[in-house]
Amino acid sequence: LYLPRNSTAMSSRTVYFSAGEPGSQNEQSNVLPFDSVRPTFFKFLKSYSQGNVYPYVDQLTANCEKEEHYLQVNIQHMEASPDRDVRILASMLKDMPGALYPELEAAIKNVYREFRDTDDDEDLQIPDVQLLLETSQTPSTVRQLTSDVIDKIVIIPGIIVQVQKVGSKAQKLSLECRSCGHTRMVECGAGKDGVLLPKTCGINSGVDGQRCAPNPYVIKPDTSVHYDMQMLKMTERVEEVPTGEMPRNVNLCATRYLADKVRAGERVTVVGTFTTKNQDTNYNKTAEAYILVHGFMRDTGGAGRGALDLDLHEEEEFQKMAKGGDVIEQICKSIAPSIIGSEADNTELVKQAIACMLFGGRRKFNEDGTSLRGDVHVLLLGDPGVAKSQFLKFTHNASPICVYTSGKGASAAGLTAAIVRDVHGNFALEGGAMVLADGGIVCLDEFDKMRPDDRVAIHEAMEQQTISIAKAGITTVLNSRCAVLAAANPIFGSFDETVDQANDQMDFASTILSRFDMIFLIRDLRDEARDKMVAEHVQKLHQGKSTDVSKIQVPFPVEKLKKYIRYARAKCDPRLSKEAAEYIGNMWVDMREQARQARNENKSSIPITVRQLEGIIRIAESFARMEMQQHATADHVNRALHLFTKSTLDASNRKNITDLSSLSDDQRANILHVQNMIKQRIPVNGTVRRAVLVEELVNRHGQDSQVVLLAVMLMIRATEVQEYGRDFILKRLR
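First, a word on scope: everything that follows refers to the structure included in this document. Everything numeric in this text was worked out from a predicted model, so none of it was measured.

Thresholds, definitions, all that
- Residues numbered from 1 in each chain as written.
- Predicted model: local features only at pLDDT ≥ 70, side-chain atom pairs only at ≥ 80, totals over all residues.
- Heavy atoms only, no water.
- 1 Å grid on protein atoms, 1.4 Å probe; cavity = no way out; pocket = protein on both sides within 12 Å on 5 of 7 lines; lining within 4 Å.
- Points joined across faces, edges and corners; volume = space filled by probe spheres on them.
- Helix = DSSP H or I, 4+ residues; strand = E, 2+ residues; numbered from the N terminus.
- Nonpolar A, V, L, I, M, F, W, Y, C, P; charged D, E, K, R; others polar.
- Buried < 20%, exposed > 50% of the residue type's maximum accessible area, 1.4 Å probe, protein only.
- Pairing = 2+ DSSP bridges.
- Contact = heavy atoms within 4.5 Å.
- Axes fitted to C-alpha atoms, helices over the stretch in contact; angles between N-to-C directions.

**A word on empty space enclosed by the protein**
By the definition in use, this model includes two cavities of 30 Å³ or more. Within this model, the largest cavity holds a volume of roughly 50 Å³. Along the walls of the largest cavity sit Arg 373, Ser 514, Arg 515, Phe 516, Asp 517, Arg 611, Gln 612, Arg 618, Phe 644 and Thr 648, which together make up its complete lining. Contributing elements (two or more residues each) for the lining of the largest cavity: helix H19 (610-626) and helix H20 (634-652). In terms of residues, the lining of the largest cavity owes the most to one element, H19, which gives three residues. Tallied by class, residues from the lining of the largest cavity come to two nonpolar, three polar and five charged. A volume near 30 Å³ is recorded for the second largest cavity.

This is the structure we're talking about:
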């Protein structure tokens with residue numbers, strides 16, 4: 001079919017031609033006369049019914065009573081219509097939406113007029129009604145937006161990453177001749193298209209019979225007709241980006257009732273016309289492509305773990321495996337099977353923690369409008385070479401939605417949200433990694449290399465799971481309902497086995513540590529039997545023998561595990577059973593009493609607060625979800641308590657030196673003496689290598705090396721000294 005480019009300039013008398021001779025069978029079967037478009041759609045809206053209900057008539061009436069003049073139509077209803085003309089109209093709508101849209105909206109206006117019993121004389125009082133489209137057809141991807149689909153209906157899923165302020169767009173311009181005062185109305189193009197002002201007056205009579213000057217018209221804003229328009233940017237979904245490639249974006253143009261309907265970070269499917277902006281002067285210039293939105297369909301999956309794509313056989317298989325009794329052990333075996341370890345280095349416990357994080361607990365909503373997170377946060381603190389990054393990479397591959405980033409290359413704005421300027425100088429809101437991973441997992445490698453200010457920025461995102469923005473006149477709240485898996489090294493690069501204090505080797509504030517449900521200390525233990533096992537395992541990996549995978553059948557390969565996670569999160573929403581709630585309550589009271597006794601005996605202990613109780617509940621619910629059970633039992637609580645005790649409690653229930661108040665008088669005096677010696681050695685803004693400083697104080701002044709390191713660490717925490725660089729340069733700040 002041939003269509004002029006500017007569809008808004010077409011009249012009802014426009015003639016359509018199809019391939020072949022006029023009157024051919026091809027034309028009769030695929031083309032509906034243009035004059036029949038409006039009555040055909042009018043008939044469809046009035047006659048379509050579901051039982052005794054006429055959904056489109058009822059929807060239009062209800063919307064217009066609320067002063068919301070729009071109608072949402074499902075394209076598949078038209079395609080399934082018994083009327084052949086309606087089916088042809090649906091096919092034409094996909095191929096030439098720009099030409100048909102004015103006629104379809106005029107038909108909706110006629111339906112509204114008929115049911116309002118409005119006379120034709122009152123036509124001016126009937127507002128324009130916007131046609132919104134929806135469909136459940138299989139969508140395409142951003143990468144499939146090519147020149148072949150220009151000016152056609154496309155269905156594209158993605159994530160909204162940038163939202164601009166709502167502006168106004170002229171629908172009809174009121175023009176007045178500056179010479180003779182002649183007025184006229186000019187229709188503007190749809191979307192970002194504009195209109196060229198006439199270069200000559202419409203009557204050319206002028207004053208005293210003189211012709212009007214060229215370019216006589218000026219715009220009268222007060223009598224022009226405008227509507228809302230908003231520009232957005234959508235990127236392809238994280239799970240659809242090929243490995244090693246940059247995600248691709250597409251601009252969106254939302255008008256009228258579609259403006260200001262979505263926020264940054266939301267996962268939507270867009271139905272719209274893929275079109276280009278008119279180039280009025282330079283036709284050799286590359287056209288700016290965008291999607292003129294006709295409808296938003298939000299991802300209603302709740303947890304946002306991606307759409308289910310399972311057949312009946314797979315569902316039956318998952319149900320059977322969930323009832324097998326050992327599904328938790330099978331899932332844990334399937335977590336990073338290429339990584340082996342022993343019970344002493346916490347490798348198996350880390351796999352259980354990652355499994356809990358992948359499945360997650362239940363998100364609760366309170367009556368007062370607040371919510372409690374169900375995602376499980378995990379921190380891996382370990383020596384170099386203990387496969388922390390490999391755990392993160394496996395999680396990135398196994399999670400249906402996951403964003404992987406490194407701490408050194410991540411900023412507060414990159415993780416949360418930023419205010420950016422577009423090409424026209426306007427401010428726009430752009431979501432970061434935790435917004436894009438809404439409903440999934442964020443993997444933060446090299447977490448200790450992040451600046452403290454950047455770590456503080458994710459406090460709200462980790463606990464409240466929202467990101468509040470108040471910058472450049474933009475005030476909003478974005479969702480960041482995601483779990484965090486972070487990997488970090490100790491403060492001195494690796495664990496010092498001569499120091500038993502765990503917190504002496506963590507360079508994190510207690511505010512960020514308290515937000516992690518599980519904290520694992522992974523040590524590179526020196527054990528001959530373990531070293532032989534690891535050496536043999538690595539050799540087989542490099543020989544391409546797939547190590548023990550050929551001997552041990554992995555119950556859940558990565559793709560199957562990903563499907564089971566989506567299925568479990570969609571079908572199972574567990575709660576604590578009454579017995580489990582009583583049991584976990586009694587255990588929490590006992591843990592609080594033990595912590596109180598430890599403080600009374602001047603022993604350090606992790607503070608047991610409500611956050612720890614909520615963390616244990618989330619872990620128990622995740623174990624129940626693995627077994628597809630609607631209630632977490634006492635067995636799940638026992639598993640959760642064991643995992644929590646072996647991780648967070650064992651990592652923190654040691655002598656916790658955070659300041660001098662926990663030391664004896666002699667130790668305190670000795671450390672203060674060493675700190676004074678350090679201040680004498682390093683002037684303000686002076687620098688020295690840590691190894692050189694320790695060597696001087698040990699060899700020349702007879703100090704113990706552990707006391708010197710402890711004094712340096714306390715000065716770093718007090719922001720008296722800053723440590724940076726690969727050579728661990730110490731700089732005195734004050």
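**What about the pairing of strand S20 (residues 483-488)?**
Burial analysis of S20 places six of its six residues in the buried class, the great majority of the element. The alternating pattern of S20 places Ala 483, Leu 485 and Ala 487 on one face and Val 484, Ala 486 and Ala 488 on the opposite face, and all of these are buried. In terms of strand pairing, strand S17 (residues 441-445) meets S20 through four bridges, oriented parallel. Among the inter-strand pairings, Val 442 is bridged to a residue of S20, identified as Val 484.

**Structural notes on the side chain of His 459**
Within the element layout of this structure, His 459 appears in helix H14 (residues 459-463). Excluding residues that lie within four positions of it along the chain, His 459 makes contacts with Gln 464, Thr 511, Ile 512 and Arg 515.

**With respect to the sheet that holds strand S24 (residues 687-689)**
Across the sheet, three strands lie side by side as S24-S26-S25; this open sheet has antiparallel pairing. The sheet is open, and its two borders are formed by S24 and strand S25 (721-724), each paired with just one other strand. Recorded for the sheet is a direction-independent mean angle of 25° between the axes of neighbouring strands. Lying over the sheet, helix H22 (residues 690-699) contacts S24, S25 and strand S26 (729-732), oriented at roughly 80° with respect to S24.

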